[in-house]
Amino acid sequence: MQLKDCLQELSNARGVSGNEGEAQEIIEKYLKQHVHEVKKDVLGNLVGYKKGGGRSRNKPRLFFAAHADEIGLMVTRVEEEGFLRFTTIGGFDPRTLWGQEVTVHGKNRLWGVIGPRPPHLTTTRERKKETRLEHLFIDTGLPPEEVKNSVNTGDHVSINRDFTQMANRRYASGKALDNRAGVAALLLFAEELARFKHVSEVYFVFTAQEEVGARGALTSTCSVEPDLGIAVDVCHGNMPRTRQDETFELGKGPVLGHGPNIHPYIFKRLQNTAEENRLPYMTEPHAGPTPTDARSIQITGEGVASGLVSLPLRYMHTSVEVVNLDDLEVMAKLLSLFTASVDKKTVEELRCYY
Amino acid sequence: MLLLEKLVSASGVSGNEDEVRSLLKSELEKKDTGYRVDTLGNILVENPEVEQQGPPRLLLAAHMDEVGLMVTSIEDGGFLRFDKVGGIDDRVLVSRKVLVGSKKTPGVIGSKAVHLQKPEERKKNLRAEDLYIDIGVKGKEEAKKYVQTGDYVSFYSPLQELGHSCYKGKAFDDRAGCAILWELLNEGRLPPFHAAFTVQEEVGLRGALVVGNALDLDMALIVETTSASDVPGSKEHEQVSRLGAGPVLSIMDASVVVDKGMLDTLIRVAEENEIPYQFRGFNGGGTDAGALSLSRAGVKTAVVSVPARYIHSPCSIINREDLHYTRKLVELFVKEVKGKK
Amino acid sequence: MEKLLKELTAAYGPAGHEEEIREVIEEQVKDYVDSCYTDTLGNLIAVREGAGPRLMVAAHMDELGLMVTHVDENGFLRIARVGGVVPHILVGQRFVFSNGTAGTINHEKIDELKELEWSKLYLDIGCSSREEAAEKVNVGDVAVYDQEFKNLGQRYLGKSMDDRVGCAVLVETIKRLPRQLPQEVIFVFTVQEELGLRGARTAGYALEPSYAVAVDVTRVGDTPESLVMDVSLGKGPAVKIKDSSLITHHGVREIMFSLAEKNGVEYQREVLERGGTDAGSIQLTREGVPSGVLSIPCRYVHTPSEIVDKGDVENAVNLLEQLCLYPWKEV
């Protein structure tokens, strides 16, 4: 697959939490070429299963999760004049929503812009106050009757933004790269894995509803009952005016998470795989439960050994997120090498780790 | 109480309970007590007789982890920036001795000298992000010999006797519970029960969550340590519990409503045996009871705690009598619920 | 219906202490179901047997309250909240314990309303010493709002409409259902919803339903300068789309819409920005349960004076009845 094309398709696809359908369709198109079975579950998780090699009966079960959903908006009321009031699904900063273009998913799709009252008509004091959701509304430009015919309370709204390749062709910008970048890396990993021998049963899981509380990961981990589970997500890339230790440079490889939420053996093993194969990587300590699917994976059933790999991404939760394609490729390679290296002994070592 | 001293001098910040776990494992092995350690690192001491005897299948649990810090970055000067692991009041951090990483490199938590602070700065409390750990090195490169980002940091505070009947130390929450549990496991004449030494309580009751999924239980009693605030400035109704007034019985906290039957039994056993006890006069905060009570189809749970002043700080204080009575109450409770069917 | 709702709202049952309300409900439903039992946490489970998939219908029995944390030497009680009670609506309110002991809330001297913290509030039960108070009340006892049920004409006013009105809807539906149902329907009156959707979680795990529908109250946006919310009192029950605890399952939601439309039941679409329901818990049990929520619009939720509309309640029963009669497919 062409990584850039795949990422472009994924970034442009709509898939607000709870309505991941369109994004999942594209994922399925790529995924089904590389796995033996694809299933969708109650919450909307898409699960691809690839058999392990060899005849052994108790093959290790590996679970890789990238969340397919993106943050978005939901209509809370259609005003008499046809303007739409809305709330957020997932953590949008209302200050980034001024003048954004959106798609309203009503009976048919409507294009709209998020309008505030224009600066000319507001006082200096009003302009200094931070923008809050109640100051904003969606304007579809349609007469009220048409809006009311098409849009209902509870319809979801996604942000519009065309995927852009940047000056350096390895950099890309778009909406929903949190976590379509992770999704693309996981798909690339599925493709690459064909070139490796592996004894493990591998589950590629594209989870739903991560942005509203890592919900999909909870139920999907429960049904797969894996020996280990790795979340594939994004983390904060370096930007001006941020602290060095809170952010990671783009293009320097994926970031391996560690801390209470991560099994130390998985972290170490991923780190060793990177070192042995001279793959660039960075590490990120998390002092508590991580804001990723790993949070749910670890505490399902009798406990699952969890790992976390992230891609540095700038401007998280805006429509102009930026990632570096090299990082995705390195991540896919890292996950392939890791998977190939896992065998029965690994699971044994994990079991008697403590 | 030798074990308690060993337990509190071990480092065991949530997610890095290795030292405490090793200590308990070797003690269990010495006594030939069978156990297993699960994927998250909880120690489960499953007694096969529990299933044979049938309900109520009882679990006693205490958590091994303590609050602490984690190194997030090493600055050019070799100073370490950190995050808090678990709930710590920023105000207790400054001017502390700490141990960093598995090598237990000593360090101190410093801040800009008061002379150099502007008058406005002095009016504000120091926040964790204003502070750093100084391990006494020339710069970043030298620091890297001793420390990595992600290293856990624990408070340094050896156990010490205080006054006639108190101990000062860190991590009584919940090593006191661990010590009591260990003693009861070695008490030969008790009816059978399961025991769990859990991990990651301080970061969201995460160890107990999976323990509850692993075991088939009817009842769980959590042996904890809770805040005593019988100090100047706390009005009587704000004290939560008092030092020296005996084990603390929770009625409800933010994570659980204690089972009334179990609470009644605890009260009755205490009164019949002249064990002093007090109620926890506060319904905030959470314990492993929250996770265990909601596991599977639900488990009856109760919480008995040793009161401790200055909890979640390097210098907390507990009372020996409280410890003794807490142990006794838990022991008698086990006999009571398992003795009669 | 009025008599039932009055009886249910009057019953004592703060979160964690649902014994009395459970008895009241059990008495109401036991002759209309195949079996009825209480589980470990105290959920009341009423089973209508049937072949095919299993539909779980849940409403929570618990209400808000105040727990006694301390009794002082002059007989005043200090309190902590049980569930989402806010201090500023409490001053001057009457509260009552399960043994009938009543009292009123007031506060220590303060200069501004924003100083009104929990530690400044106390409950006066008319005793003049610790000993006298101890004869009536213990630390750990929980008091609930003491408010009478009133019929306002088209609307009902009272305490704990959240979620006794949901319980009433379940009870009434149980009584109306015919002998034969196309599937098994399990009605669960849950505990400790106000403390974090707790009872529903263990019941959801134990019952392993194929589908779940929770019946609970929701907020409205039709009062003066209220929050933006597209639900009004008197325009029919609401079908939930989203709250902070769940995004309802598309399939379940669509079935609810279409049943309402087919049966001419007026309904509203609900997006609740803050708040959760039992369905949020049930949805995430085991491998996931397709879940929906039928909401009853309610003004002034969590205050001692909640208002619901008669027509909304009646229509909620109609819609729930249709949901039980609808032949749900095997998952």
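Note that residues are indexed from 1 along each chain, following the sequence as it is written. Lettering for chains starts from A, numbering for ligands starts from 1, and both go in the order in which the items are written. Given that this is a predicted model, residues contribute local features only at a pLDDT of at least 70 and side-chain atom pairs are listed and counted only at 80 or more, while totals for whole chains, interfaces and linings are drawn from all residues. With hydrogens and water excluded, all non-hydrogen atoms of the structure serve as input to the side-chain values.

Break down the overall build of chain B for me, with residues and values.
Runs of H or I in DSSP of at least four residues are treated as helices and runs of E of at least two as strands, each being numbered from the N terminus. On a plain count of helices and strands, chain B comes out with 10 helices and 19 strands. Taking the principal axes of the C-alpha coordinates as reference, chain B spans close to 70 × 45 × 40 Å. Exposure classes here rest on a 1.4 Å probe applied to the protein chains alone. A residue is buried below 20% of its type maximum, exposed above 50%, and partly exposed in between. Every one of the 341 residues in chain B was classed for burial, and the buried ones make up 61%. Once local pairs closer than 6 in sequence are excluded, the contacts in chain B between residues at least 24 apart make up 74%. A 1.4 Å probe and the Shrake-Rupley method give the accessible areas. Residues count as covered only by the protein chains that appear here. As presented, chain B carries roughly 13,400 Å² of accessible surface, and 49% of it is formed by carbon and sulfur atoms. Contacts are assigned to residue pairs that have any heavy atoms within 4.5 Å of one another.

Tell me what's going on with unusual backbone geometry, and back it up with residues and numbers.
Note the cis peptide between B:D173 and B:D174, where omega equals 10 degrees. Among the structural elements, B:D174 can be located in helix 6 (residues 172–185). Going from C:D162 to C:D163, the amide bond is cis rather than trans, its omega being 5 degrees. At C:Q192, a position not held by glycine, the phi torsion is positive, near 55 degrees.

So, the pairing of strand 19 (residues 316–319) of chain B: which residues are in play, and what are the values?
Every other side chain in a regular strand lies on the same face of the sheet, so the side chains alternate between the two faces. All names here are of chain B. Here strand 19 shows two buried faces, one formed by S316 and I318 and the other by I317 and N319. In the sheet, strand 11 (residues 166–169) pairs with strand 19 via four bridges, with the strands oriented antiparallel. Following the sheet pairing, G169 is matched in strand 19 by S316. In this scheme, strands are said to pair when DSSP sees at least two bridges between them. By the bridge criterion, two bridges tie strand 18 (residues 300–309) to strand 19 in an arrangement that is antiparallel. By the bridge assignment, R309 is partnered in strand 19 with I317.

So what's going on with the sheet that holds strand 17 (residues 321–324) of chain A? Residues and values would help.
Residue and element names in this part refer to chain A. If you trace the three strands from one edge of the open sheet to the other, you get 10-11-17, paired in antiparallel fashion. Of all strands in the sheet, those bounded by a partner on one side alone are strand 10 (164–165) and strand 17. Relative to strand 17, strand 11 (residues 171–174) runs antiparallel, the two sharing four bridges. Each bridged residue has a counterpart across the sheet, and for S173 the counterpart in strand 17 is V322.

So what's going on with the interface of chain C and chain B? Residues and values would help.
With 25 residues of chain C at the interface, the matching set in chain B holds 24 residues. Buried area is calculated as the accessible area (1.4 Å probe) missing from two parts once they are joined, with the contributions of both summed. Regarding the contact of chain C and chain B, the summed buried area is about 2,100 Å², with carbon and sulfur atoms giving 60% of it. A carboxyl oxygen of Asp or Glu within 4 Å of a side-chain nitrogen of Lys or Arg is what we treat as a salt bridge. Put simply, chain C and chain B have three salt bridges between them. Residue C:R130 is joined to B:E236 by a salt bridge in which the shortest nitrogen-to-oxygen separation is 2.8 Å. Pairing of N or O atoms within 3.5 Å defines a polar contact, subject to two protein rules: one partner must be a possible hydrogen donor and the other a possible acceptor, and residues neighboring in sequence count only if both atoms are side-chain atoms. For the pair chain C and chain B, the number of links is nine residue pairs in polar contact (both at pLDDT 80 or more). Taken together, the elements giving at least two residues each to the side of chain C that touches chain B come down to strand 4 (65–71), strand 5 (76–82) and helix 5 (198–207) of chain C. At five residues, helix 5 of chain C tops the list of elements feeding residues into the side of chain C that touches chain B. Each residue is assigned to one class: nonpolar for Ala, Val, Leu, Ile, Met, Phe, Trp, Tyr, Cys and Pro, charged for Asp, Glu, Lys and Arg, and polar for all the others, Gly among them. Partitioning the side of chain C that touches chain B into residue classes produces nine nonpolar, nine polar and seven charged.

How would you explain the nonpolar core if you had to name every residue and give the values?
Residues grouped as a nonpolar core are buried Ala, Val, Leu, Ile, Met, Phe, Trp, Tyr and Cys residues, joined through side-chain atoms within 4.5 Å. In terms of nonpolar packing, the biggest core is built from 89 residues, with B:L59, B:L60, B:F193, B:F197 and B:L221 touching the most fellow members. Among the elements that take part in this core, helix 6 of chain B stands out by supplying nine residues, more than any other. Those residues within four positions of B:L59 in sequence are excluded, and the remaining contacts are B:H194, B:A195, B:A196, B:V211, B:L215, B:L217, B:M219, B:A220, B:L221 and B:L292. Within the second largest apolar cluster, 73 residues are counted, among which are A:Y30, A:L188, A:I230 and A:F267.

Any details on the packing of helix 1 (residues 3–12) of chain A against helix 9 (residues 325–341) of chain A? Residues and values, ideally.
Residues and elements named next belong to chain A. Axis separation between helix 1 and helix 9 bottoms out at 11 Å; the angle between their running directions is 105 degrees. By the criterion of interaxial angle, the relationship of helix 1 to helix 9 is roughly perpendicular. Contacts between helix 1 and helix 9 involve L3, K4 and L7 from the first element and L325, L328 and E329 from the second. Residues belonging to the contact of helix 1 with helix 9 are distributed by class as follows: four nonpolar, no polar and two charged. Axis definition: a line fitted to C-alpha atoms, over the contacting stretch in the case of helices. Angles run 0 to 180 degrees between N-to-C directions. When an angle is under 35 degrees it counts as roughly parallel; over 145 it counts as roughly antiparallel; between 65 and 115 it counts as roughly perpendicular; any other value is oblique.

Kindly report on the sheet that holds strand 17 (residues 306–309) of chain C, identifying the contributing residues and their values.
Residues and elements named next belong to chain C. On the basis of which strands lie adjacent, the open sheet formed by three strands has the order 10-11-17 and antiparallel pairing. Of all strands in the sheet, those bounded by a partner on one side alone are strand 10 (150–151) and strand 17. On the sheet, helix 4 (residues 161–176) packs against strand 11 (155–158) and strand 17 and is oriented at approximately 30 degrees with respect to strand 17. Here helix 8 (residues 310–325) sits on the sheet in contact with strand 10, strand 11 and strand 17, set at roughly 60 degrees to strand 17.

Could you give an account of the interface of chain A and chain B, naming the residues involved and the relevant values?
Taken residue by residue, the interface counts 25 residues in chain A and 30 residues in chain B. Interface area for chain A against chain B, summed over the two sides, is near 2,000 Å², with a carbon-plus-sulfur share of 55%. When the area that chain A buries against chain B is broken down by residue, the three leading residues are A:A287, A:E302 and A:Y354, summing to 34%. Linking chain A to chain B there are zero salt bridges.

Tell me what's going on with the domain arrangement of chain A, and back it up with residues and numbers.
Residue and element names in this part refer to chain A. Each domain's extent was defined by an automatic or database domain assignment. Taken domain by domain, chain A comprises domain 1 (3–70 + 175–351) and domain 2 (72–159). Taking only C-alpha atoms into account, the centre of domain 1 sits 33 Å from that of domain 2. Taken together, the contact between domain 1 and domain 2 spans 12 residues of the former and 14 residues of the latter. Between domain 1 and domain 2 the total buried area reaches about 1,000 Å² when both faces are included, carbon and sulfur atoms providing 54% of it. Considering only the side of domain 1, the residues that lose the most area to domain 2 are R14, V16 and H317, jointly responsible for 48% of the buried surface there. Linking domain 1 to domain 2 there are one salt bridge.

A description of the side chain of C:T285 should follow, citing residues and the corresponding values.
Residue and element names in this part refer to chain C. Position of T285 relative to the elements: it lies in the loop between helix 7 (278–283) and strand 16 (291–297). Looking at T285, the relative accessible area reads 7%, which means it is buried. Excluding its chain neighbours within four sequence positions, the residues that come into contact with T285 are R201, G204 and Y205.

Report on the side chain of C:E306, specifying residues and quantitative values.
Residue and element names in this part refer to chain C. Along the polypeptide, E306 turns up in strand 17. Charge counting follows a simple rule: Lys and Arg are positive, Asp and Glu are negative, and His as well as the terminal groups are ignored. Despite its burial, E306 remains without a salt bridge, the nearest opposite charge being carried by R219 at 7.8 Å. There is a polar contact of 3.4 Å between the side chain of E306 and the backbone nitrogen of S160. Each residue touching E306, except ones within four places of it in the same chain, is listed here: Y156, L157, G158, K159, S160, M161, D162, C298, R299, Y300 and V301.

Break down the pattern of salt bridges for me, citing the residues and quoting the values.
Taken as a whole and assessed by the stated rule, the structure comprises 60 salt bridges over all chains. Among the salt bridges present, the one from A:E70 reaches A:K175, with a minimum N-O distance of 3.0 Å. Remark: A:K175 occurs in the loop between strand 11 and helix 5 (177–192) and A:E70 occurs in the loop between strand 3 (61–67) and strand 4 (72–78); sequence separation between them is 105 residues. What you see here is one network of salt bridges that share partners, running through B:E183, B:E187, B:R189, B:R327, B:E331 and B:K335.

Kindly report on the domain arrangement of chain B, identifying the contributing residues and their values.
All names here are of chain B. Split by domain assignment, chain B resolves into domain 1 (2–66 + 170–339) and domain 2 (69–155). Inter-centroid distance (C-alpha atoms) of domain 1 to domain 2 is 32 Å. Facing 15 residues of domain 1, the contacting portion of domain 2 comprises 12 residues. Taken together, the two surfaces of domain 1 and domain 2 that pack against each other cover about 1,000 Å², and 61% of this comes from carbon and sulfur. When residues of domain 1 are sorted by the area they lose upon contact with domain 2, V13, H312 and P314 head the list and together hold 44% of the total. There are one salt bridge connecting domain 1 and domain 2. Across the pair E19 and K104 runs a salt bridge whose closest N-O atoms are separated by 2.9 Å. Inspection of the region where domain 1 meets domain 2 yields four residue pairs in polar contact (both at pLDDT 80 or more).

Talk me through helix 9 of chain A; I want residue IDs and the actual numbers.
All names here are of chain A. Given a helix with a known number of residues, its expected span is that number minus one, times 1.5 Å. Over its 17 residues, helix 9 extends 25 Å from the first C-alpha to the last, a length consistent with the 24 Å expected when each residue adds 1.5 Å. Every buried residue of helix 9 is listed here: L325, D327, L328, V330, M331, A332, L334, L335, S336, F338 and T339. At the N-terminal boundary of helix 9, the capping side chain belongs to N324, with an oxygen 2.7 Å from the backbone nitrogen of D326.

If you had to explain the packing of helix 1 (residues 2–9) of chain B against helix 6 of chain B to someone new, which residues and values would you point to?
All names here are of chain B. Their axes nearest at 9 Å, the elements helix 1 and helix 6 cross at an angle of 145 degrees. As for how helix 1 packs across helix 6, the hand of that crossing is right-handed. On the side of helix 1, the interface is formed by L3, L4, L7 and V8, while helix 6 contributes F172, R175, A176, C178, A179 and W182. The residue makeup of the contact of helix 1 with helix 6, split by class, is nine nonpolar, no polar and one charged. Each crossing gets its hand from how the near helix is turned against the far one by less than a right angle, where anticlockwise is left-handed and clockwise is right-handed.

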